Amino acid sequence: MPGSIDIETTQEVADALAAGRPVVALESTIITHGMPWPGNRDMALEVEAVIRAEGAVPATIAIIDGTLHAGLDTASITALAQASDVMKVSRADFAFAIAEGRTGATTVAATMMAAKLAGISVFATGGIGGVHRGAELSFDISADLDELARTPVIVVSAGAKAILDIPKTLEALETRGVPVVAYGQDEMPAFWSRRSGLAAPLRLDTPEAIARFEIIRRALSGHGGMLIANPVPEADEIPANVMHGHIEAALEMAKAQGIEGKAVTPFLLGEILGLTDGASLKTNIALVLNNARLAARIAVALAAGSN
């Protein structure tokens with residue numbers, strides 16, 4: 001039908017949505033742009049297994065040959081994990097990828113868009129984009145922030161990526177009216193690190209409290225998304241004082257090589273991987289699994305509270 005978007009789902013996701021059972025959306029850029037094969041496939045399947053173990057259904061989001069998918073089977077995840085020339089899709093080029101029959105991996109913003117279209121209320125990711133360092137000169141600010149302001153999806157992350165300007169990111173979220181909730185602590189996490197030195201705007205300690213907050217928000221008109229900042233498990237973190245030096249070194253390399261725009265984040269993450277001798281990737285996987293677990297519990301609590 002002209003003006004509508006067809007969404008292809010797995011039977012598992014379709015059945016859960018029809019029955020009002022909990023579903024958790026997952027992005028796909030972490031598969032295509034986050035880590036190499038076969039670790040990317042293994043991580044994606046492990047994240048889905050964690051969500052199922054908590055009583056929810058995973059729905060990995062991607063655009064494949066111009067078709068929007070909310071839920072991928074193992075064969076599709078495997079193929080995506082090995083694919084080359086995959087677009088990194090955000091709001092600006094979401095429709096372009098579909099119209100041109102392209103294959104695209106969804107960022108936080110695009111995954112939120114797709115989740116809302118599919119009727120999914122909770123999304124687990126690693127970290128959101130935000131205000132880049134030096135944005136007062138480059139104007140480099142992620143579309144994730146505006147998407148959080150407009151699209152009513154709960155996003156569970158380990159905070160903003162630590163390579164960003166976290167204080168300015170928090171200010172931008174406040175300006176946009178986005179609730180930022182630290183889970184189980186008063187301080188904002190900083191992706192690889194449990195602590196950033198910044199006070200969290202809000203704190204909640206249980207999935208049920210987050211679900212209750214969201215249900216009240218739904219009773220108010222015009223609400224957008226909510227950001228849950230879930231600290232990485234203590235055993236897996238890299239302390240902020242250690243990460244600071246690595247991030248500064250990676251930023252200097254990016255500046256020296258003239259890296260700009262969408263290329264900045266993957267470049268920095270790659271450089272930090274080398275500087276930490278692979279430790280940053282292990283922490284990244286741990287925090288994604290941790291976020292998936294919490295997201296599933298929130299989805300379960302939200303489904304119970306809404307029925």
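Residues numbered from 1 in each chain as written. Predicted model: local features only at pLDDT ≥ 70, side-chain atom pairs only at ≥ 80, totals over all residues. Heavy atoms only, no water.

Caption draft 1: Fine view of the overall build of the chain. When helices and strands are tallied, the chain shows 13 helices and 11 strands. Expressed as lengths along the three principal axes of its C-alpha atoms, the size of the chain is roughly 50 × 40 × 35 Å. Relative to its 307 residues, the chain shows a buried fraction of 51%. Summing over all exposed atoms, the chain offers an accessible surface of approximately 13,200 Å²; the carbon and sulfur share of this is 53%. Separation between the mean location of the 23 positive side-chain charges and that of the 35 negative ones in the chain comes to 4 Å. (Helix = DSSP H or I, 4+ residues; strand = E, 2+ residues; numbered from the N terminus. Buried < 20%, exposed > 50% of the residue type's maximum accessible area, 1.4 Å probe, protein only. Areas by Shrake-Rupley, 256 points an atom, 1.4 Å probe, with all protein chains shown as cover. Lys, Arg positive; Asp, Glu negative; His and termini not counted. Charge placed at Lys NZ, Arg CZ, Asp CG, Glu CD.)

Caption draft 2: Structural view of the pattern of salt bridges. Enumeration over the complete set of coordinates arrives at 14 salt bridges. The residue Arg133 makes a salt bridge to Glu248 at a minimum N-O spacing of 2.8 Å. Note that Arg133 is positioned in the loop between strand E7 (122-124) and helix H7 (135-138) and Glu248 in helix H11 (residues 240-257), a separation of 115 residues in sequence. Residue classification places Arg133 among the partly exposed positions, given a relative accessible area of 33%. Across the pair Asp165 and Lys168 runs a salt bridge, and its minimum N-O distance is 3.2 Å. (Salt bridge = Lys/Arg side-chain N within 4 Å of Asp/Glu carboxyl O.)

Caption draft 3: Inspection of the side chain of Asn284 at higher detail. Mapped onto the fold, Asn284 is located in helix H13 (residues 279-306). Among residues more than four places away in sequence, those in contact with Asn284 are Phe191 and Trp192. (Contact = heavy atoms within 4.5 Å.)

Caption draft 4: Broad picture of the nonpolar core. Residues Ile128, Trp192 and Ile228 are the most contacted members of the largest nonpolar core, which totals 97 residues. For this core, the element with the most residues is H13, which contributes 11 residues. (Core = buried A, V, L, I, M, F, W, Y, C linked by side-chain atoms within 4.5 Å.)

Caption draft 5: The side chain of Thr60, seen in detail. With respect to the helices, strands and loops of the structure, Thr60 is situated in strand E3 (residues 57-64). A distance of 2.8 Å separates a polar atom in the side chain of Thr60 from a polar atom in the side chain of Glu48. (Polar contact = N/O pair within 3.5 Å; in protein donor to acceptor, adjacent residues only side chain to side chain.)

Caption draft 6: Representation of the packing of helix H6 (residues 108-118) against helix H8 (residues 143-150). Two elements in contact, H6 and H8, have axes whose closest approach is 8 Å; the angle formed by their N-to-C orientations is 25°. Considered as vectors, H6 and H8 are oriented roughly parallel to each other. Contacts from Val108, Ala109, Met112 and Met113 in H6 reach Ala143, Asp144, Glu147 and Leu148 in H8. (Axes fitted to C-alpha atoms, helices over the stretch in contact; angles between N-to-C directions. Parallel < 35°, antiparallel > 145°, perpendicular 65-115°, else oblique.)

Caption draft 7: Fine view of the packing of aromatic side chains. Taken as a whole and judged by the stated rule, the model has one aromatic pair. Where Phe191 meets Trp192, the ring centres are 4.8 Å apart and the plane angle is 80°; that geometry is what we call edge-to-face. The exposure class of Phe191 is buried, given its relative accessible area of 2%. For Trp192, a relative accessible area of 2% puts it in the buried group. (Phe/Tyr/Trp six-rings, centres within 6.5 Å; stacked < 30°, edge-to-face > 60°.)

Caption draft 8: Local environment of the pairing of strand E8 (residues 154-157). Across the two faces of E8 the burial is the same, with Ile154 and Val156 and Val155 and Ser157 all buried. Bridge count between E7 and E8: three bridges; the pairing is parallel. Each bridged residue has a counterpart across the sheet, and for Phe123 the counterpart in E8 is Val155. Here E8 pairs with strand E11 (residues 226-229) via four bridges, running parallel. Paired with Val155 across the two strands is Leu227, which belongs to E11. (Pairing = 2+ DSSP bridges.)

Caption draft 9: Expanded view of unusual backbone geometry. Residue Pro38 is bonded to the preceding Trp37 through a cis peptide linkage, with omega at 0°. Along the chain, the position of Pro38 falls in the loop between helix H2 (29-32) and helix H3 (39-53). In this structure, Asp65 takes a positive phi of about 50° despite not being glycine. Considering the arrangement of structural elements, one finds Asp65 in the loop between E3 and strand E4 (67-70). Take Asp65: its relative accessible area is 58%, and that puts it in the exposed class. The phi torsion at Phe139 lies on the positive side, around 60°, for a residue other than glycine.

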